[in-house]
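This is what each chain is made of:
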Amino acid sequence: MSDSEGRMGTSSGLDEDLSLPKATVAKLISELLPKDMTCAKDTRDLIIECCVEFIHLLSSEANEICEQESKKTIAPEHIITALEKLGFESFISEVEEVLVEHKQQVKDREKKVSKLESSGKSMEELAAEQEALFAQSRAKFEGGPA
C-alpha cells in the first residue's frame, strides 16, 4: 500500500462523518433555481458531497501554506492563496468582499458588548432597570389602549 493509499483509506472513514446540513443546502439550492424547477434529493446529496470535498481540498492546501510559513493557525490570507494555487482565482474577489463584511460584523458586535460594559452600571442595576421596564410594559398591556 502506497502512502497516498494509506491516507485515502484513513481519511475516507472520517470523511463519511463530515457533511453539511441537508435542509440548509436544499434552501440555498431552491433560492438559486427558477421557481418552476426543483432539485432531486440525490442531486442535493451530490452537491453536498462536492461542497465537502471542496472544503477539504481548500483547507488541506491552506494548511500546507500555513505550515510552509511556520504558522499554527490558518488565516484568511492562507485561504486566498490556496484558492489561487488551486485555480479558483475567480472566487478571490468575492471571498475578499465577504471577509471585509465579516470583519465589520465582528467589529459591530464588539461595539455592542463594549457599550454594555461602558454603561458603568452593575449587573444588578441593569437587571433592576430591565425589571422596571417589564413592569411598565405589563402595566400598559393590562391597562389596555390609552
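Residue numbers here run from 1 along each chain, matching the order of that chain's written sequence. Side-chain atom pairs in this predicted model are given and counted only at pLDDT of 80 or more, local residue features only at pLDDT of at least 70, and totals for whole chains, interfaces and linings cover all residues. With hydrogens and water excluded, all non-hydrogen atoms of the structure serve as input to the side-chain values.

Draft legend 1. Expanded view of the packing of aromatic side chains. In this scheme Phe, Tyr and Trp rings, the latter by its six-membered ring, pair at centre separations within 6.5 Å, and the angle between planes marks the pair as stacked below 30 degrees, edge-to-face above 60, and tilted otherwise. In total, this model carries 3 aromatic pairs according to the counting rule given. Where F54 meets F91, the ring centres are 6.0 Å apart and the plane angle is 50°; that geometry is what we call tilted. With F54 in helix α3 (residues 41-68) and F91 in helix α5 (residues 89-117), this pair connects stretches of sequence that are 37 residues apart. A centroid spacing of 5.3 Å and a plane angle of 45° characterise the contact between F88 and F91, whose relative ring orientation is tilted. Working definition: with a 1.4 Å probe on protein chains only, accessible area under 20% of the residue-type maximum means buried, over 50% means exposed, and in between means partly exposed. Taking the relative accessible area as the measure of exposure, F91 reaches 39% and is therefore partly exposed. Linked through ring pairs, F54, F88 and F91 together constitute an aromatic cluster. Here a helix means four or more residues in a row that DSSP labels H or I, a strand means two or more in a row labelled E, and each is numbered from the N terminus.

Draft legend 2. Expanded view of the pattern of salt bridges. Salt bridge criterion: a side-chain nitrogen from Lys or Arg within 4 Å of a carboxyl oxygen from Asp or Glu. For the structure shown, the criterion picks out 5 salt bridges. Of the charged contacts in the structure, one is a salt bridge between E129 and K121, with a shortest N-O distance of 2.5 Å. Among the residues examined, E129 registers a relative accessible area of 38% and is labelled partly exposed. On the basis of relative accessibility, which here comes to 37%, the residue K121 falls in the partly exposed class. The network of salt bridges with common partners includes K22, R44 and D45.

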